[in-house]
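An overview of the molecular structure
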Amino acid sequence: ALALDQNAKYETRLPEAWRAKVTSVRHLLEGVKEVVEEAESQLSEDSILRAKEEKALFNRIFTRWGPVYHQQLRNLHTESKTFEGSARELARAYATRELLSLVSPCPMHRRAYDKPLGYAGDYRMMFLMLQEGYEGPSIYSRFLHHVSKNYSFGKMVPSREAAIRRFVRAAVCSDRPVRVLSLACGPAIELQNLIREIDKLDARVEFILIDQDEETMQYCHEAVSREILMRGSDFASKVDLNCLHLSVRQILQPQGTQEQEFIESNMREVDLIYSSGLYDYLPQSIARKLTRKLYKCLRPGGQLWIGNLAECPDTTWMMEHVLAWHLEYRTRETMAALGKGLKPEPADLRIAADDTEFCLFLHATKPNA
């Protein structure tokens, strides 16, 4: 009876044309599942050769199938904007019912929906987006991993990592000691990559990595430490790694004198502070408070880089309506508003973007004393 009541709500409150578009997406996924599974028998049994053949197969199929899939998601994104309140929630429930089972074999879609650490964009999700190969127990699940990495946001993540790595490289390639702080650091893959590729360090560097999740911090400490040690004793002797398990609440409202002193001692006179994914989850009021707090932690001449996603039709609809992955998307105007009222007035305040234009950065430079 409950199922019948729910179906009646779908039919009476959700437009038939909108439901038909969701059905078209389902048919696209069902169809491509059949195609990749049929092609599996033609692949080599050798694991190395098979991986290459799978990648080539996925590229061939996605070249024809992907643009149609993305266009249908864009259309749904536009039409779904007309829903408000309970109708919006009903549309999300319908989309999840129709499509989740078809995308959940993908390790990225599944993790986004399950949120094992409490939020979708955790360190493991970032690793899945940035790794070279594909994961999954079936060829269809691995094809969906390929699909995930080819959403516009999937392409944005490596582009954002490269942009952040450039910011950090510019800071650490200095002839004086520097302090670099990453807030909501996640797996800190940009630091792992930078440590591998940088030629040498002429002065000491302190990396201060902060995240609210203990599992993330454990992974991050082990991974970054390993990369530092692999560069040899001379390189390692110039790097300090400080991993702090802290939340935004603790940073903004320390509980007690001891916690306040701990935070102030570790977050002071910093040369570069950056955060790439945290602000996607913060309402504007909290984001402005945190921006002011971080700006105060900079030394004179220090730089702040805050990243935030812009809305993207071919990705946002799937995230919000099927995977219950809700973010605070910002525009250049709302990003600029985060920098209003910073004191002293920044010597440089501007909005930049990664190469895909889907990650916006607020950049503020504190004036020299």
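Figured I'd write up the structure that's included with this text. (Residues numbered from 1 in each chain as written. Predicted model: local features only at pLDDT ≥ 70, side-chain atom pairs only at ≥ 80, totals over all residues. Heavy atoms only, no water.)

Quick look at empty space enclosed by the protein
Applying the stated criterion across every chain, the model contains one cavity of 30 Å³ or more. Here the largest cavity is characterised by a volume of approximately 50 Å³. Here the residues of the lining of the largest cavity are counted per class, giving nine nonpolar, no polar and no charged. (1 Å grid on protein atoms, 1.4 Å probe; cavity = no way out; pocket = protein on both sides within 12 Å on 5 of 7 lines; lining within 4 Å. Points joined across faces, edges and corners; volume = space filled by probe spheres on them. Nonpolar A, V, L, I, M, F, W, Y, C, P; charged D, E, K, R; others polar.)

Topic: the sheet that holds strand S5 (residues 298–309)
An order of S3-S2-S1-S4-S5-S7-S6 is seen for the seven strands of this open sheet, with the pairing classed as mixed. At either end of the open sheet lies a strand with only one pairing partner, and these are strand S3 (239–245) and strand S6 (348–353). Averaged over all pairs of adjacent strands, the angle between their axes in this sheet comes to 15°, without regard to strand direction. Pairing geometry for strand S1 (residues 178–183) and strand S2 (residues 205–211), over six bridges, is parallel. Bridge pairing links Val 178 to Val 205 in S2. Helix H10 (residues 214–230) contacts S2 and S3 of the sheet and is inclined by roughly 175° relative to S3. (Pairing = 2+ DSSP bridges. Helix = DSSP H or I, 4+ residues; strand = E, 2+ residues; numbered from the N terminus. Axes fitted to C-alpha atoms, helices over the stretch in contact; angles between N-to-C directions. Contact = heavy atoms within 4.5 Å.)

Describing the pairing of strand S4 (residues 270–275)
Regular strands have side chains that alternate between both faces of the sheet. When you tally the buried positions in S4, you get six out of six residues, the bulk of the element. Bridge count between S1 and S4: three bridges; the pairing is parallel. In the sheet register, Val 180 faces S4, and the bridge partner there is Leu 272. Relative to S5, S4 runs parallel, the two sharing five bridges. Residue pairing for S5: Ile 273 is matched across the bridge by Leu 304. Following the chain from S4 across helix H14 (residues 284–296) to the adjacent parallel S5, one finds a crossover that is right-handed. (Buried < 20%, exposed > 50% of the residue type's maximum accessible area, 1.4 Å probe, protein only. Right-handed = clockwise from strand over helix to strand, strands pointing away.)

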